[in-house]
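Descriptive analysis of the structure
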Amino acid sequence: MTLLATKRNLRPGRGAVGLVLPLALLGLWQVVATSGVYSTAQLPPPTDVATAFTELLGRGELWHHIAISTQRVLIGFAVGGAAGLALGGLVGLSRTASVALSPTIQAVRAVPSLAWVPLLLLWLGIGETPKIVLVAIGAFFPVYTTVSAALAHIDPQLVEVGRAYGRKGLGLLGTVLFPAATPAILSGLRLGLAQGWLFLVAAELIASSMGLGFLLIDSQNTGRTDIMLLAIILLAVIGKLCDTVLGVAESRLLHNSGRGKSSG
């Protein structure tokens with residue numbers, strides 16, 4: 001996707017079209033919540049959720065929950081993404097490493113996020129470390145899978161051209177292979193960030209007293225369905241905002257890369 005395509009996607013008309021479905025869902029939510037099919041305790045109307053938002057905002061709690069969850073995701077994503085890039089690069093470039101490591105990594109990938117919680121509690125205690133590690137695990141696998149697949153399927157002729165110009169080892173990796181796989185790698189990073197947010201709720205089951213995942217679980221225990229829905233909406237909105245920021249950075253990087261190739 002080029003920067004021009006991104007600008008087109010950010011045009012007011014396209015943004016308005018993108019709001020149609022959320023507004024339709026909001027209207028449907030209001031109709032169902034007031035139809036009598038569900039009680040207010042089961043499905044509070046949007047106005048009750050807005051009131052809960054104002055309540056938490058007024059008490060000064062909401063920003064703390066948002067900040068701590070965002071911090072956990074970003075640190076975990078940085079750790080997991082870096083590990084995914086490194087190991088995915090190794091597996092994608094080395095057939096021996098692929099045969100030795102890929103089956104085990106794919107098996108570990110199938111472990112559900114909640115299955116890691118008791119182990120991380122046992123191994124790392126109840127501080128911030130196990131929460132960040134769990135988010136890192138979630139971010140690792142999409143990045144690893146995308147990078148290893150992208151590097152494994154690079155045109156061999158491109159590699160030969162790089163070697164003909166004296167590139168080898170890290171020089172070949174940095175100047176030929178990774179640039180060729182950049183679009184796939186950036187897509188993998190976006191998937192890793194999204195997966196990090198998915199793992200956040202499981203991470204905040206680990207003896208948390210702050211965060212959106214904690215807010216979600218605590219509201220379930222206290223019967224505050226309005227706060228539960230608010231936490232779900234905030235997770236969706238903040239996750240989308242993070243993806244949008246990374247998507248803009250991706251488009252700028254690809255645009256600058258393409259312009260550099262054209263000028264070269």
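Residues numbered from 1 in each chain as written. Predicted model: local features only at pLDDT ≥ 70, side-chain atom pairs only at ≥ 80, totals over all residues. Heavy atoms only, no water.

Concerning the overall build of the protein chain
From N to C terminus, the protein chain includes 12 helices and 0 strands. Summarising its shape, the C-alpha atoms of the protein chain cover approximately 70 × 50 × 30 Å along the three principal directions. Expressed as a percentage of the 264 residues in the protein chain, the buried residues total 38%. Taking as baseline every contact in the protein chain between residues at least 6 positions apart, the subset at least 24 positions apart corresponds to 74%. Separation between the mean location of the 18 positive side-chain charges and that of the 11 negative ones in the protein chain comes to 16 Å. (Helix = DSSP H or I, 4+ residues; strand = E, 2+ residues; numbered from the N terminus. Buried < 20%, exposed > 50% of the residue type's maximum accessible area, 1.4 Å probe, protein only. Contact = heavy atoms within 4.5 Å. Lys, Arg positive; Asp, Glu negative; His and termini not counted. Charge placed at Lys NZ, Arg CZ, Asp CG, Glu CD.)

Things to note about the packing of helix α5 (residues 95-109) against helix α7 (residues 128-152)
Across the interface, α5 lies against α7 with an axial gap of 11 Å and an inter-helix angle of 140°. Taken as a pair, α5 and α7 cross one another with a handedness that is left-handed. Contacts between α5 and α7 involve S102, I105, Q106, V108 and R109 on the former and, on the latter, F140, F141, Y144 and T145. (Axes fitted to C-alpha atoms, helices over the stretch in contact; angles between N-to-C directions. Left-handed = near helix turned anticlockwise from the far one by under 90°.)

A few points about the environment of L177
Checked against the element boundaries, L177 lands in helix α9 (residues 170-180). As for L177 and L23, which are separated by 154 residues in sequence, their C-alpha atoms are 44 Å apart. Setting aside residues up to four positions removed in sequence, L177 forms contacts with L93, L151, I154, V159 and L172.

Regarding the environment of L198
Topologically, L198 is positioned in helix α10 (residues 182-203). Residue L198 is classed as exposed on the basis of its relative accessible area of 60%. Sequence-wise, L198 and V108 are 90 residues apart; in three dimensions their C-alpha atoms are separated by 17 Å.

As for α5
Spanning 15 residues, α5 covers 20 Å between terminal C-alpha atoms, matching the ideal 21 Å at 1.5 Å per step. When the local axis directions of α5 are compared, the greatest deviation, roughly 40°, occurs at L101, which is followed within four positions by the proline P103. Turning to α5, its buried residues are A97, S102 and I105. Those residues of α5 that are buried lie in contact with α4 (62-93) and α7. (Expected span 1.5 Å × (residues − 1). Bend = angle between axes of the 7 residues up to and from the residue.)

Observations concerning the nonpolar core
With 55 residues, the main nonpolar core has L134, L177, W197, L212 and L215 as its most contacted residues. Among the elements that line this core, the one with the most residues is α7, at 11 residues. Apart from the residues lying within four places of it in its own chain, the contact partners of W197 are S69, T70, V73, L235, I238, G239 and C242. (Core = buried A, V, L, I, M, F, W, Y, C linked by side-chain atoms within 4.5 Å.)

Description of the packing of aromatic side chains
Going through the model one piece at a time under the given rule, you end up with 2 aromatic pairs. Aromatic pair F140 and F141: ring centres 5.0 Å apart, planes at 80°, arrangement edge-to-face. The two residues F140 and F141 agree in class, both being buried. An angle of 15° between the planes, with centres 5.6 Å apart, marks the rings of F140 and Y144 as stacked. Linking F140 with Y144, this pair stays in helix α7, spanning 4 residues, or about one helical turn. (Phe/Tyr/Trp six-rings, centres within 6.5 Å; stacked < 30°, edge-to-face > 60°.)

Brief notes about the pattern of salt bridges
Side chains that differ in charge, positive against negative, can pair when their charged atoms come close. Under the definition given, this model contains 8 salt bridges. Ionic pairing is found between R72 and E204, a salt bridge with its closest N-O pair at 2.7 Å. Of this pair, R72 sits in helix α4 while E204 sits in the loop between α10 and α11 (212-222), and the two are 132 residues apart along the sequence. Each member of the pair, R72 as well as E204, is classed as buried. R224 is paired through a salt bridge with D226; the nearest N and O atoms lie 2.9 Å apart. Exposure remark for R224: the relative accessible area of 28% places this residue in the partly exposed category. Connected via shared salt-bridge partners are E55, R59, E61, R224 and D226. (Salt bridge = Lys/Arg side-chain N within 4 Å of Asp/Glu carboxyl O.)

As for the side chain of T225
Mapped onto the secondary structure, T225 falls in helix α12 (residues 225-263). Ignoring sequence-local partners within four residues, the contact set of T225 consists of A41, Q42 and P44.

Observations regarding the environment of L119
Note that L119 resides in helix α6 (residues 113-124). Measuring from C-alpha to C-alpha, the distance between L119 and P130 comes to 9.3 Å, with 11 residues separating the pair along the chain.

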